[in-house]
Amino acid sequence: MLNELAHLGLTVALVVALLGTVIPLVAARLNYLYWMRLAPVLSVLQFLLVAFAFVILTLAFIRSDFSLSVVLLNSHTLKPTIYKIAGVWGNHEGSLLLWVLILTLFAACVAWFAKNLPPSLLARVLGVQSAISATFLSFLLLTSNPFSRVDFPPFNGQGLNPLLQDPGLAFHPPFLYLGYVGLSVTFSFAIAALLEGKVDASWARWVRPWTLSAWVFLTVGIGLGSWWAYYELGWGGFWFWDPVENASLMPWLISVALLHSAIVVEKRDALKAWTILLAILAFGFSLIGTFIVRSGVLTSVHAFANDPERGVFILLILVIFVGGSLLLFAFRAGSMESKGVFATVSRESALVVNNLLLVVSCFVVFVGTVWPLVAELISDRKLSVGPPFFNIAFTPLIIGLAIILPIGSTLPWKRATHRNLVKLWPLIIFCLASVGLLWTIQTGRSLLGPIGMGLGVWLILGVLVELYQRTGRGRSKFLRILRLPLSDWGKAVAHAGLGVTICGVAGLTAWQVEDIRIMKVGERFEITTFSLVLDSVEDDTGPNYFTTMATIKLLRNERLISTIYPERRYYPVADMQTTEAGIDSNFLRDVYVVVGEPQPEGGFAVRTFIKPLANWIWAGAIFMGLGGFFSLLDRRYRVAHSSQNKLKETAS
Amino acid sequence: MTRIFLALFFVAWAGSVPAVEPGEVMSNLLLEERARSISKSLRCLQCRNESIDESNSGIASDLRVLVRTRLADGDSDQEVVSFIVSRYGEYVLLRPNGKGINFILWLSGPFLFLVGIFCLYLVRSKAKNTSVPSPLTDQEEEKIKKISLS
């Protein structure tokens, strides 16, 4: 009964979304203030209806209501409750419902927070947002209804992919969706601005918090996914250039570009049309990502719905929204004249180069991801594009980006002289020296490690130098640094975070040590400066799996540092085996141990990796996320929301 | 050679074990290093998107042993790769070659970058024709310094 009510709720939500599209957009066009006021109400209503359906679906998972086919296919009574809940979005239908929930949540937030927007802009933003909700709701109801019943419900469900039963992955999709879908708000603002025909500093200020929050969520989501892959997939990689990973990386790259170009719009009244284009592209790429994940046109480790019919539907949505908005952009972009002029050497120019590099890197990822498809269509060649391609094509662009970052962020707006660059010379020399030093210490290995470390150091020290410069002269330096606006701290922390991640990637890829051997219980071996002793291997049972857990002692200089427990699990319901790596982490390195099956002549296959700086990769992602969060708390956005009228006077 | 046949036998027996197995590792460390780097660039035919170095499927294991057999017989890296491509098609190459239309794949990034630079150049030269305020003189800079210090 409840399930039918929820289904009905979704249908009503679709109707409300259609009304929410037509009424505000028409009212804004005809300038009917009264009707425009309906927009926030309709948006909040959509959210409530979808939230109701989502709660009901979650309840069905918790109560193991196997009369729903999604629950039947993706849940099991023995599963721990938290993974029953995570099971809601561990499948196509449920995750799409989560998508729509977040979409309407963002619209409701816009309605809630942005009451001080000009009424016509607000109506248009919510109208566009409702249009997106309406298409996705109809997609949900027509092709992937989460509330479809089965005729004869069995006593137990068919489980959930055991790989997904993990804290890292349970919360990876919601964060990722908050990111993907958050970009829809930016998109709606861009379309609304095109319809209004006006982009100014206050527009940029309204959009920025939404872009920032979407970006923070996307960063956290990608970080969680990568961390999960690292400890769960069993060989300690952190990025595989899988189509689905690329699908999340592309909107991330574009939203980084967008964040930076929106600063130029806000502060310098330039790059307007370009920023609008980026806003359209950012959401466009998250739609492309959705298409890649759900259509199954590209083989990937985690595509979960290989249904061509759904693929065609998403492709249609993609064509309508991206095609339509690009067309609108082509007609209207000319009307957005940039007033701010800047010299060739200036912070604006540095940000333009940043944008160019980010967009090209996104494009490279895009071409690489879809190339197998394109090549098969054009010339009937079945080929693969894997990590070696992306490493060659993508890395130089990121190196370029990292090189210009500290220079660009210390340059003044509008125009700079050589004097601004002189201050960085000691830093440049220091970084080159450290590259040289590392290169001579390591023998016969690739240059990537030293270069990466040099770049990371360059970024981190660049941030420190910049903070130092901001303190100015005088005695109260320390106090002044504390009084810097939060957005400056955000910038510093996020940029340092990129440096930390680059150090981590360089350390892990360049200096990893690996060992594979057969070990019997009680045996010991040495790897770099560590000794590992296989103490015992025991069988045990978990809530819904059997496990073989090894106990390995990690010694250094004959002193016990820690004990590592790698596991192999077997999930009988799904008939699947998973490896749970045993990891001993610290600041400078991870010791990563995977235990294989028992060997015919006794003993177990043991793979051990020493992974230098592994944690830095995710620490950097956390820093980037924190940086975005600090920026989000900056006073000027709160001011922008609370006293918009005053701002409007000063801005114009 | 016996080592490798042993390994083959062993693989067939063991079924699912993680990626490279102890039994497959060659005693010649230089050859093993080459084998690892080759197998990182070859795609497993059975799995979704993994190299044969990472995969734990049977065919990946067979291919790893095949790579090592060829290397032990004195093939160069290139010969090993082209042998496997001739058997399984270019699908196994994770690093696509530059032949035929693949040049578009390889050149698209640099091309877009150059186009971007060119566009920037156009925009800049157009902006130059409009108005760029002349840079501040040294005296003006001094003035600003005084103001900002006070």
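For the structure itself, consult the block above.
What counts as what
- In this numbering scheme, every chain counts its residues from 1 along its sequence in written order.
- Each chain takes a letter, starting from A, and each ligand takes a number, starting from 1, following the order in which they are written.
- Per-residue local features of the predicted model are confined to residues with pLDDT of at least 70, and side-chain atom pairs are confined, for both listing and counting, to 80 or more; whole-chain, interface and lining totals are unaffected and use all residues.
- Each side-chain value is derived from all of the structure's non-hydrogen atoms; neither hydrogens nor water enter the calculation.
- Counting from the N terminus, the helices are DSSP H or I runs at least four residues long and the strands are E runs at least two residues long.
- Per-residue accessibility, obtained with a 1.4 Å probe over protein chains only, is compared with the maximum for each type, and a residue is labelled buried under 20%, exposed over 50%, and partly exposed between these values.
- Contacts between residues were defined by any pair of non-hydrogen atoms, one from each residue, lying within 4.5 Å.
- When two parts are put together, the accessible area they lose, computed with a 1.4 Å probe and summed over both, is reported as buried area.
- The working definition used for a salt bridge is a side-chain nitrogen of Lys or Arg within 4 Å of a carboxyl oxygen of Asp or Glu.
- Each residue gets one label: Ala, Val, Leu, Ile, Met, Phe, Trp, Tyr, Cys and Pro are nonpolar, Asp, Glu, Lys and Arg are charged, and the others, such as Gly, are polar.
- Any two strands with at least two DSSP-identified bridges between them are counted as paired.
- Every angle, taken between N-to-C directions, lies between 0 and 180 degrees, and every axis is a line fitted to C-alpha atoms, over only the stretch in contact when it is a helix.
- Two rings belonging to Phe, Tyr or Trp (six-membered ring only in the last case) form a pair when the distance between their centres is within 6.5 Å. Interplanar angles under 30 degrees mark stacking, angles over 60 mark edge-to-face geometry, and anything in between is tilted.
- Charge-over-ring contacts are defined here by two conditions on Lys NZ or Arg CZ: a distance within 6 Å of the ring centre and an angle within 35 degrees of the ring normal.
- Throughout this description, the term nonpolar core refers to a set of buried Ala, Val, Leu, Ile, Met, Phe, Trp, Tyr and Cys residues connected via side-chain atoms within 4.5 Å.
- We define a polar contact as two N or O atoms separated by no more than 3.5 Å, with the added condition that, inside protein, one atom must be a possible hydrogen donor and the other a possible acceptor, whereas residues neighbouring each other in sequence contribute only through side-chain atom pairs.
- Each angle gets one of four labels, with under 35 degrees taken as roughly parallel, over 145 as roughly antiparallel, 65 to 115 as roughly perpendicular, and the rest as oblique.
- Left-handed describes a crossing whose near helix is turned anticlockwise from the far helix through less than a right angle; right-handed describes the clockwise counterpart.

Chemist: Kindly report on the overall build of chain B, identifying the contributing residues and their values.
Modeler: Along the backbone of chain B there are 6 helices and 0 strands. Overall, chain B shows an N-to-C arrangement of helices and strands of α-α-α-α-α-α. Taking all 150 residues of chain B together, the buried fraction comes to 37%. Pairs at least 24 residues apart make up 49% of the contacts formed inside chain B by residues separated by at least 6 positions.

Chemist: Run through the interface of chain B and chain A, naming residues and quoting values.
Modeler: Facing 48 residues of chain B, the contacting portion of chain A comprises 53 residues. Together, the buried faces of chain B and chain A total about 4300 Å²; carbon and sulfur atoms form 64% of this surface. For the interface between chain B and chain A, the tally reads 2 salt bridges. Of the charged contacts, one joins B:Arg36 and A:Glu514 as a salt bridge, the two residues approaching to 2.9 Å between their closest N and O atoms. Those elements that provide at least two residues to the side of chain B that touches chain A are helix H1 (2-14), helix H5 (102-129) and helix H6 (138-149) of chain B. Element by element, the count of residues in the side of chain B that touches chain A is highest for H5(B), at 13 residues. Across the side of chain B that touches chain A, the residue classes break down as 25 nonpolar, 10 polar and 13 charged.

Chemist: I'd like a description of the sheet that holds strand E9 (residues 589-598) of chain A, backed by residues and values.
Modeler: Residue and element names in this part refer to chain A. Sheet architecture is open: 4 strands sit in the order E1-E10-E9-E8, paired in antiparallel fashion. Only two strands of the sheet have a single partner each, and these edge strands are strand E1 (513-519) and strand E8 (582-585). Across the sheet, the mean angle separating the axes of adjacent strands is 15° when strand polarity is ignored. Alignment of E1 against strand E10 (residues 604-612), held across 7 bridges, turns out to be antiparallel.

Chemist: Lay out the packing of aromatic side chains with the relevant residues and their values.
Modeler: One pass over the full model with this rule turns up 21 aromatic pairs over all chains. One aromatic cluster in this structure is built from A:Trp239, A:Trp241, A:Phe389, A:Phe390, A:Phe394 and B:Trp106. When the ring centre of A:Phe609 is taken as reference, the NZ or CZ atom of A:Lys611 above it lies at 4.5 Å. The ring of B:Phe83 is capped by B:Arg70, whose NZ or CZ atom sits 3.9 Å from the centre of that ring.

Chemist: Provide a residue-level description of the nonpolar core, including the pertinent values.
Modeler: Formed by 148 residues in total, the largest nonpolar core has its most connected members in A:Phe136, A:Phe189, A:Trp203 and A:Ile276. Apart from residues lying up to four places away in sequence, A:Phe189 is in contact with A:Leu117, A:Leu121, A:Val125, A:Trp203, A:Trp206, A:Val207 and A:Trp210. Of all hydrophobic cores here, the second largest spans 18 residues; its members include B:Leu42, B:Cys44, B:Leu66 and B:Val80.

Chemist: Any chance you could break down the side chain of B:Asp75 for me, citing the residues and the numbers?
Modeler: Residues and elements named next belong to chain B. Residue placement: Asp75 occurs in the loop between helix H3 (58-72) and helix H4 (77-88). For Asp75, a relative accessible area of 14% translates into the label buried. Among the polar contacts made by the side chain of Asp75, one reaches the side chain of Arg70 at a distance of 2.9 Å. Apart from residues lying up to four places away in sequence, Asp75 is in contact with Arg34, Arg70 and Val80.

Chemist: Summarise the pattern of salt bridges; cite the residues concerned and give the values.
Modeler: Evaluation of the coordinates by the stated rule reveals 22 salt bridges over all chains. The closest approach of N and O atoms between B:Glu90 and A:Arg381, which form a salt bridge, is 2.7 Å. Of this pair, B:Glu90 sits in the loop between H4 and H5 while A:Arg381 sits in the loop between helix H14 (347-379) and helix H15 (387-410), placing the two residues on different chains. Pair check on accessibility: B:Glu90 and A:Arg381 agree, each one buried. Here A:Asp584 makes a salt bridge to A:Arg589, at a shortest N to O gap of 3.0 Å. There is no split in this pair, since A:Asp584 and A:Arg589 are both buried.

Chemist: Account for the packing of helix H9 (residues 172-196) of chain A against helix H10 (residues 201-232) of chain A, naming residues and giving values.
Modeler: Residues and elements named next belong to chain A. One way to put it is that H9 packs onto H10 with a least axis distance of 7 Å and a crossing angle of 160°. As the angle between them shows, H9 and H10 are arranged roughly antiparallel. Viewed along their axes, H9 and H10 form a crossing whose handedness is left-handed. In terms of residue class, the contact of H9 with H10 is built from 19 nonpolar, 7 polar and no charged.

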